[in-house]
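Chain by chain, the residues:
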Amino acid sequence: MNESGSGSGNGSTSANNSSSSIPFLTSPEQAVFRDHLETKLSHWIRPWDGQEKLTAGIIGVPLSKSSISLSGASTTPAAVRAAFKSFTTYSMEYGVDLQHMAVRDLGDVQMHVTDLAECHSRIEACLTKLYEQKPSLVPIVIGGDHSISCPSVKAFAKRYPDKKVGIIHFDAHHDVRNFEDGGVTNGTPFRGILESGAVQGSNIAQIGIRGFMNSKPYHDYVLSKGVHVFSSRDVRVNGIHPIVTQALAAASNGTDAIYVSFDVDVIDQAYAPGCPAIGTGGLNPWDALDALYHLGTLPQVMGIDFVCIDPTVDVRNVTSRLAVQFMLSFLAGMASRSG
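Residues numbered from 1 in each chain as written. Predicted model: local features only at pLDDT ≥ 70, side-chain atom pairs only at ≥ 80, totals over all residues. Heavy atoms only, no water.

- The protein has the name Formimidoylglutamase in an unreviewed UniProt entry, where Paenibacillus albus is given as its organism.
- Here the protein is described in UniProt, under the heading Sequence similarities (unreviewed entry), as follows: "Belongs to the arginase family." (UniProt positions renumbered as here; feature names shortened; annotations may be inferred.)

Quick look at the structure:
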């Protein structure tokens, strides 16, 4: 996908009204796969008409030029949408059928062809305006590399003026590289979040950080900022549920809302081969599925992103499909919320 294009692949503005007043947001294309006995995601998650009251909305951010390593993460929103035809809205594990939830596809944030700062500015401007118009919407942001999370979180924090937000961050990496040795990249989003003051370190919990994938100075940096770090080994030894409980205690301490940032490379490479930074010793999918379902049940969790998939090196789109399952588990949790 051309990073300057939209989810519909033509770079044009929407024929409907969904993007008319949200800057840089273009509409997705619609594909319908349905029979009389089941509803596929590709039918359920229709393009937003700009008027319907939504519970959650999918926003693609097709950016990968800021990736340190070669990455086709700009093609992820399209790959994830293509995977919708492989899933239904019903989960027997969670006893929920999602088809009556108001979840729609808002399209992609249009990226500048060459200007990375402009790309990030557009992400923040688009999401800020979206939250102004739809204050109760839960965004499901599909990257893109992890650099998109910094402007996304900044917009999320502005959504709650004079209040505090927390973050639960699933990742193999701390993502706090300095800016002097390469500028803003997919390795710097949490450095940017911390240095901007958008979120305090004491309200950030990182889950799944792996050994031999981070340097000691960066580990020391996050600890100096009060970030709570739970390694992949911590999850293996103690189980995902107590780790998520501790992470929630940190992210919710004195805050009014929580944002979840999910880098798919937190998953072991055996299950997620389509990530630019693969590695062994990661979380297994059920750890993540259970964690995301639980987070989805919590009313204070009001935003989530999924980042760092490269469909160009994936195997049978398995990693993009895994991201869809993660999204659906989160939405299944949301379906249990009252009100």
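**Examining unusual backbone geometry**
Phase 1 of the analysis: Residue glycine 144 is reached from glycine 143 by a cis peptide bond, and omega for that bond is 15 degrees.
Phase 2 of the analysis: The phi dihedral of phenylalanine 24 falls on the positive side, at around 70 degrees, and the residue is not glycine.
Phase 3 of the analysis: With respect to the helices and strands, phenylalanine 24 occurs in the segment before strand S1 (25–26).
Phase 4 of the analysis: Taking the relative accessible area as the measure of exposure, phenylalanine 24 reaches 31% and is therefore partly exposed.
Phase 5 of the analysis: Positive phi outside glycine occurs at cysteine 308, with the angle close to 65 degrees.
Phase 6 of the analysis: Judged by its relative accessible area of 6%, cysteine 308 is buried. (Helix = DSSP H or I, 4+ residues; strand = E, 2+ residues; numbered from the N terminus. Buried < 20%, exposed > 50% of the residue type's maximum accessible area, 1.4 Å probe, protein only.)

**Re the pairing of strand S8 (residues 204–209)**
Phase 1 of the analysis: Among the 6 residues that make up S8, 6 are buried, leaving the element largely enclosed by the rest of the structure.
Phase 2 of the analysis: In this sheet, S8 lies alongside strand S7 (residues 165–170) in parallel orientation, the contact comprising 4 bridges. By the bridge assignment for S8, phenylalanine 170 is matched with isoleucine 207.
Phase 3 of the analysis: Note that S8 and strand S9 (residues 228–231) share 4 bridges and pair parallel. Note that in S9 the partner of glutamine 206 across the bridge is valine 229.
Phase 4 of the analysis: In this fold, the crossover linking S8 to S9 by way of helix H6 (residues 216–224) has right-handed handedness. (Pairing = 2+ DSSP bridges. Right-handed = clockwise from strand over helix to strand, strands pointing away.)

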